[in-house]
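If you want the building blocks of each chain, they are given just below.
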Amino acid sequence: MENQTQKVVTRFAPSPTGFLHIGGIRTALYAWAYARKNNGTFILRIEDTDKAREVEGSIEHIMKSLKWIGIDWNEGPDIGGPNAPYKQSERLESYIKYAKILVEKGLAYTDPYTEEEVENFRKKADEEKRPFLYRDHRPENPPVWNGTQPLRFKVKDIKSYEWDDLVRGHLKAGAEALDDFILIKGDGYPTYNFAHIIDDLEMGVTHVMRGDEFISSTPKFLSVYDALEIKRPQYVTLPPIMGPDGKKKLGKRDGAKDFLEYKNEGYLPEAMLNFLAFIGWSPEGEEEILNPEEFIALFDIKKIHISGGKFNEEKLDWINKEHIKKLSIVSLQKYVFEWLPNELKIEKIVPIIMERISKFGDIKGMVESGELDFFYKEPICQKEKIIYKNTDSKIIIENLNKALNIFENIDEKDFLKDNIKNLLMEVADKLDSRGEILHPIRFALSGLEKSPDPFILSDILGKKETILRINKAISILSLS
RNA sequence: GGCCUUAUCGUCUAACGGUUAGGACAUCGGCUUUUCAAGCCGGUAAUCUGGGUUCAAUUCCCAGUAGGGUCACCA
């Protein structure tokens, strides 16, 4: 940081072909964190040069995803900036300008072949079991480029390239990795291979962070930098994220879901940030729960991992829980309210849910599993479940009747958890085990093996409903 | 297949060439408790294989093996 001679500029450059999954967000996260850590600039650039694959609404969706997790940008298609525009489809002039420079230098030429012809070259090479190289088929006298034909880069130095990667160290590739490639497509749009170089140049990008799938094509990029006689940026190769099976790189095809799905599943954005931060990076110390500020402060390219890591949902759940525990009362309440069905947004219930959520974390699961239904719906109690351990059912009935007696003698206005607790505990303490009375009550009231304690339950349900449910349990036990 | 690249508990990872190979998740056991997935305490569990270099290798080198990536007018 100290020997930074120029301001750090990073970018995230997705193509608007659909939603972003965690792989993309992770790339954005690191680029963003590095810029923030160094008081640099973080740019959002949209690489929309493939009109056929473009999906409408993607750009908004991408921005929404980034915003949700807390990634903001200094320059971008929505807010502009000194190097606007930030959509490649609006920057065609730049690409043409540099393409012409290459043409003038004799380092780019019009591709005269049809796709079928190229395909035939490829097929032939395949049959002969040798690698296909376009540069073996350079046309003798290519037509003058008029902007409507594909323009191909002409590799001048067929040599092996070497470069330094801030994560991988010294990398190299043989000359066979180099080939003439398309700079400008027949439709007038540039290819990624060309466009990103020009944009990074014009936008002053200093650090390029991307996945390891780009290592193989780096020699191509380097040959363009050489041809244009421009300075290359620092390369930062990020490790792949593997799917849960650990076999393949995570992709949309196999289970990678829309990043915003995690929002719908009840994950907190700061938990997602924390989780993503640790897929491919780890800090100096052993602390694993980090808030965004802590992450930025600790982030260090030197600590980015080389090899890929698996996506571990269990760990994500744990991290989410830890972040929920750290939520302020106000935030926790807001979080709970977001998920709670309206009928449960009641003064007495919300704090109970809040307490349980801060312990167990999974509010979506809690709501969807019907675990909270008993608050407004009479539970279905099974006889075996009402009984505490191996206690005789006669004793349980006896205990429930004792409880019933207590409940009936409490005034409606005094039917509060502390009162109830004092009275019930008095009885409970006289038994072999408190569970012999407390468990059946709790179960009679909630129908669940896990629930808030019986005092809270009866308080919330109220005198009438409590008595009704206890009676119901007694009658279930009395049958047979 | 060519080229590139990676390899530590089940999983994610830590370890100036010298550590009883550390931590976290998961799992298992115990404690606590009116239930619980919470809390506390503890246990099981790893350096891919084979060569080299070195007094000493998880660490450096080579090979093998296994994974991943890439070979588009996609990004």
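Residues numbered from 1 in each chain as written. Chains lettered and ligands numbered in written order. Predicted model: local features only at pLDDT ≥ 70, side-chain atom pairs only at ≥ 80, totals over all residues.

Caption draft 1: Just helix α6 (residues 218-228), in detail. Every buried residue belonging to α6 is among Thr 218, Pro 219, Lys 220, Phe 221, Ser 223, Val 224 and Ala 227, and all of these are buried. Summarising the contacts, the buried residues of α6 are in contact with α3 (92-104), β4 (151-153), β5 (161-165), β6 (169-173), α5 (192-202) and β9 (234-238). A positive phi of about 55 degrees marks Glu 229, the residue just after α6. (Buried ≥ 20, exposed ≤ 12 C-beta atoms within 10 Å, placed from the backbone. Helix = DSSP H or I, 4+ residues; strand = E, 2+ residues; numbered from the N terminus. Contact = placed C-beta atoms within 7 Å.)

Caption draft 2: Main features of the environment of Asn 422. Relative to the elements of secondary structure, Asn 422 occurs in helix α16 (residues 417-428). With 10 C-beta atoms packed within 10 Å, Asn 422 lands in the exposed category. When the C-alpha atoms of Asn 422 and Phe 455 are compared, they prove to be 9.3 Å apart, with 33 residues separating the residues in sequence.

Caption draft 3: The nonpolar core, seen in detail. Residues Leu 29, Ala 31, Leu 276 and Ala 444 are the most contacted members of the largest nonpolar core, which totals 89 residues. Here this core gets ten residues from one element, more than from any other, and that element is helix α1 (residues 22-37). If sequence neighbours within four positions are ignored, Leu 276 has contacts with Ile 22, Ile 25, Arg 26 and Leu 29. Residues Trp 145, Leu 183, Ile 197 and Ala 227 belong to the second largest nonpolar core, which totals 20 residues. (Core = buried A, V, L, I, M, F, W, Y, C linked by C-beta atoms within 7 Å.)

Caption draft 4: The protein's contact with RNA strand B, seen in detail. Neighbouring RNA strand B are 60 residues; Glu 47, Tyr 192, Ser 307, Gly 309 and Asp 453 lie closest to it. Here the surface near RNA strand B gets four residues from one element, more than from any other, and that element is helix α17 (residues 435-446). The residue inventory of the surface near RNA strand B, partitioned by class, reads 17 nonpolar, 17 polar and 26 charged. (Near = placed C-beta within 6 Å. Nonpolar A, V, L, I, M, F, W, Y, C, P; charged D, E, K, R; others polar.)

Caption draft 5: Local environment of helix α8 (residues 269-277). Burial within α8 is extensive, with eight of its nine residues counted as buried. Within the span of α8, buried status applies to Glu 270, Ala 271, Met 272, Leu 273, Asn 274, Phe 275, Leu 276 and Ala 277. Tucked inside the fold, the buried residues of α8 contact α1, α2 (58-69), α7 (260-264), α9 (292-298) and α10 (313-326).

Caption draft 6: Seen up close, the sheet that holds strand β7 (residues 182-184). The antiparallel open sheet is built from three strands, whose spatial order is β3-β4-β7. A strand with exactly one partner marks an edge of an open sheet, and here the two such strands are β3 (108-110) and β7. Across this sheet, the average inter-strand angle for adjacent strands is 40 degrees, counted without regard to direction. In terms of strand pairing, β4 meets β7 through two bridges, oriented antiparallel. When the sheet's bridge partners are listed, Leu 151 is paired in β7 with Ile 184. (Pairing = 2+ DSSP bridges. Axes fitted to C-alpha atoms, helices over the stretch in contact; angles between N-to-C directions.)

Caption draft 7: Quick look at the pairing of β6. Among the five residues in β6, zero count as buried, and that is only a small part of the element. Inspection of the sheet shows β5 paired to β6 by five bridges, in the antiparallel sense. The residue bridging Asp 165 from the neighbouring strand is Gly 169, located in β6. Following β5, the chain reverses through three residues before pairing antiparallel with β6.

Caption draft 8: The packing of helix α15 (residues 393-409) against α16, seen in detail. The contact between α15 and α16 brings their axes to 10 Å, and the two run at 150 degrees. In terms of orientation, α15 and α16 fall into the roughly antiparallel class. Crossing of α15 over α16 shows right-handed handedness. When α15 is examined against α16, the residues Lys 402, Ala 403 and Ile 406 are found in contact with a partner set consisting of Leu 423, Leu 424 and Val 427. Split into classes, the residues belonging to the contact of α15 with α16 amount to five nonpolar, no polar and one charged. (Parallel < 35°, antiparallel > 145°, perpendicular 65-115°, else oblique. Left-handed = near helix turned anticlockwise from the far one by under 90°.)

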